[in-house]
Amino acid sequence: MSTTLPQLWASLSVALAGGIGAVARYQLGRAVTWWLGPPVVGLFPFPTLAVNTLGSVLMGALAGWLVRAAPENAEQLRLLLGVGLLGGFTTFSAFSLELAFLIERQQVGLAAIYLMLSVGLGVTGFAFGVFATKAFA
């Protein structure tokens, strides 16, 4: 399989934007930890919940905008912003790890709350993002 220049550019765009998204995730996590305090964050994974909820809202807004505006460069924007930036920003792996830690510590109630909040806020946030692009278009 040969790689063409546009495919190489797309891959580099995803990589660069993914790096930016990962740094943004780290910085937001630090800010949430600073705001709530390490003892609170040690009891419940608020930073990851905040990152994934915000990422879902932004992904919904991006998807809604790409569908409604249908720019000529929609695929490049989807790759750069959706796959790269927001893919690097949100983190299902951290969610899974933190959920497993709560279960391992026998905090099943907190694990259930975290699971329901993560999925519920993620889906609701995505829907809100899509709705917002329709409302403000």
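Residues numbered from 1 in each chain as written. Predicted model: local features only at pLDDT ≥ 70, side-chain atom pairs only at ≥ 80, totals over all residues. Heavy atoms only, no water.

Per the UniProt record, the feature "binding site: Na(+)" (unreviewed entry) sits at Gly87 and Thr90. Checking the annotated residues one by one, the ones that line the largest pocket turn out to be Thr90. With respect to the helices and strands, the residue glycine 87 is situated in helix 4 (residues 74-89). On the basis of relative accessible area, glycine 87 is assigned to the partly exposed category, the value being 40%. Summarising the element assignment, threonine 90 is placed in the loop between helix 4 and helix 5 (92-104). By relative accessible area, which is 25% here, threonine 90 ends up partly exposed. (UniProt positions renumbered as here; feature names shortened; annotations may be inferred. 1 Å grid on protein atoms, 1.4 Å probe; cavity = no way out; pocket = protein on both sides within 12 Å on 5 of 7 lines; lining within 4 Å. Helix = DSSP H or I, 4+ residues; strand = E, 2+ residues; numbered from the N terminus. Buried < 20%, exposed > 50% of the residue type's maximum accessible area, 1.4 Å probe, protein only.)

Between helix 1 (residues 5-36) and helix 3 (residues 46-69), the shortest axis-to-axis distance is 8 Å and the interhelical angle comes to 130 degrees. Judged on the interaxial angle alone, helix 3 and helix 1 are oblique. Once helix 1 is placed against helix 3, the crossing between them reads as right-handed. Every residue of helix 3 that contacts helix 1 at Arg25, Leu28, Gly29, Val32, Thr33 and Leu36 is listed here: Phe46, Pro47, Ala50, Val51 and Leu54. (Axes fitted to C-alpha atoms, helices over the stretch in contact; angles between N-to-C directions. Parallel < 35°, antiparallel > 145°, perpendicular 65-115°, else oblique. Left-handed = near helix turned anticlockwise from the far one by under 90°. Contact = heavy atoms within 4.5 Å.)

Further remarks concern the layout of surface pockets. Space inside the largest pocket adds up to approximately 250 Å³. Lining the largest pocket are 14 residues, with Asn52, Ser56, Thr91, Phe92 and Ser118 sitting closest to its centre. Taken together, the elements giving at least two residues each to the lining of the largest pocket come down to helix 3, helix 5 and helix 6 (108-135). Examining the composition of the lining of the largest pocket, we find that six residues originate from one element, helix 3, more than from any other. When its residues are assigned to classes, the lining of the largest pocket shows six nonpolar, eight polar and no charged. (Points joined across faces, edges and corners; volume = space filled by probe spheres on them. Nonpolar A, V, L, I, M, F, W, Y, C, P; charged D, E, K, R; others polar.)

Between its first and last C-alpha, helix 1 extends 46 Å over 32 residues, near the 46 Å set by a 1.5 Å rise per residue. Among all positions of helix 1, only Ser13, Ala17, Gly18, Gly21, Gly29 and Val32 are buried. Those residues of helix 1 that are buried lie in contact with helix 2 (38-43), helix 3 and helix 4. At the C-terminal side of helix 1, glycine 37 shows a positive phi close to 95 degrees. (Expected span 1.5 Å × (residues − 1).)

Mapped onto the present numbering, the UniProt feature "transmembrane region" (unreviewed entry) falls at residues 49-67, 79-103 and 109-132. Helix makes up 100% of residues 49-67 and strand 0%, and the two end C-alpha atoms of the span are 27 Å apart. Within the segment residues 109-132, helix and strand shares are 100% and 0% respectively, and the terminal C-alpha atoms sit 33 Å apart.

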